[in-house]
Structures are given as structure tokens and as C-alpha cells.
Amino acid sequence: MNRTLLDQQSIDRSLAQRHHGWQGSTDELRRAIEFADFGTAVEFINRLAPRCEQLDHHPDLALRWRWVDVVLSTHSAGGVTDYDLALAEIVDEVAAGLPQASDETQA
């Protein structure tokens, strides 16, 4: 993996293989996840954090009641790189292991 910026076509191809809730541009990837309750949303963040540390790549997370908004971007590169796509896969894996009320993309 490297921190080279990806073009929109590469991002679109990769996101087509991810959860339908992802949206992406060359600037950032976004997914909003609604969990069953507040405690589960916090648990998601607690399960995700060690995986981010292992990858040495960290998302922007916003916790709102039972929603977690995830924004991925490689700030040092100025946009989306392979690291963000790898982290999107991890986000999907962690979220899939927890009860969700629904899953939508929010702007």
C-alpha cells in the first residue's frame, strides 16, 4: 500500500465492492452508520480504534446518538489513497459485527 492519490475511477471501482452506504470523491470517503442504540455506536468506535492503530491510519469519526459518521482521507497526501480504501474495508467488517437499526449515507 502507498499514499499516492487515487483517481475517481479507481475510487468508484473500489467502492462498488464495499457496502452500499459509501460515497467517495478524490477528497474523501464517507459512510454514516446507524446502530441499534447509543451503546452499540460507542462499541463500534471502541472496536474500530485498535484496527486503525494497526494500520497507522485514522478516520474522522462523529458520534451522534446512535449514528457514527465516518470520513476517510489521507491528510498528508491531500486526498484519498489506498490506505483509505483499506480502512473502508475495516469499517465495513467492524460494523457488520454489530446490530444496526439501518444503514444510510448522509451528506
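Remember, predicted model here, so these are calculated numbers, not experimental data. (Residues numbered from 1 in each chain as written. Predicted model: local features only at pLDDT ≥ 70, side-chain atom pairs only at ≥ 80, totals over all residues. Heavy atoms only, no water.)

Here glutamine 17 is to be found in the loop between helix H1 (8-15) and strand S1 (23-24). Once the C-alpha coordinates of glutamine 17 and glutamate 89 are considered, the two residues, 72 residues apart in sequence, prove to be 9.3 Å apart. (Helix = DSSP H or I, 4+ residues; strand = E, 2+ residues; numbered from the N terminus.)

For the rest of this paragraph, the subject is the pairing of strand S2 (residues 29-35). Burial within S2 is extensive, with six of its seven residues counted as buried. Relative to S2, S1 runs antiparallel, the two being bridged by two bridges. Paired with glutamine 23 across the two strands is arginine 30, which belongs to S2. If you look at the hairpin formed by S1 and S2, you'll find four residues sitting between the two strands. Sheet topology note: the S2/strand S4 (residues 67-72) ladder contains six bridges and is antiparallel. Considered in S4, the bridge of alanine 32 is made with aspartate 69. (Buried < 20%, exposed > 50% of the residue type's maximum accessible area, 1.4 Å probe, protein only. Pairing = 2+ DSSP bridges.)

Of all hydrophobic cores here, the largest spans 26 residues; its most connected members are Trp22, Leu29, Phe35, Phe44 and Val70. The residues contacting leucine 29, other than those within four sequence positions of it, are Ile11, Leu15, Trp22, Gln23, Gly24, Val70, Val71, Leu72, Val80, Asp84, Leu85 and Ala88. (Core = buried A, V, L, I, M, F, W, Y, C linked by side-chain atoms within 4.5 Å. Contact = heavy atoms within 4.5 Å.)

What follows is about unusual backbone geometry. Phi angles above zero are rare outside glycine, and aspartate 56 is one such case at about 55°. Along the chain, aspartate 56 falls in the loop between helix H2 (38-55) and strand S3 (60-64). When its relative accessible area of 51% is taken as the criterion, aspartate 56 is described as exposed. Positive phi, close to 50°, is recorded for tryptophan 65, a residue that is not glycine. Tracing the sequence through the fold places tryptophan 65 in the loop between S3 and S4. Exposure remark for tryptophan 65: the relative accessible area of 59% places this residue in the exposed category.

Before going further, it helps to examine the pattern of salt bridges. Counting across every chain of the model gives seven salt bridges. Among the ionic pairs, arginine 18 bridges to aspartate 92, the shortest N-O distance being 2.8 Å. Taken together, the residues arginine 18 in the loop between H1 and S1 and aspartate 92 in helix H3 (residues 82-96) connect sequence positions 74 residues apart. Using a relative accessible area of 11% as the deciding quantity, one classes aspartate 92 as buried. Among the ionic pairs, aspartate 92 bridges to arginine 31, the shortest N-O distance being 2.6 Å. Within this pair, whereas aspartate 92 is found in helix H3, its partner arginine 31 is found in strand S2, the two being separated by 61 residues in sequence. Here the salt bridges do not stand alone but share partners, grouping Arg18, Arg31 and Asp92 into one network. (Salt bridge = Lys/Arg side-chain N within 4 Å of Asp/Glu carboxyl O.)

Tracing the backbone shows threonine 74 in the loop between S4 and H3. Sequence-wise, threonine 74 and cysteine 52 are 22 residues apart; in three dimensions their C-alpha atoms are separated by 13 Å. In this structure, threonine 74 is in contact with Arg3, His57, Gly79, Thr81, Tyr83 and Asp84, ignoring residues within four places of it in sequence.

Any functional reading would require information that these geometric values do not contain.
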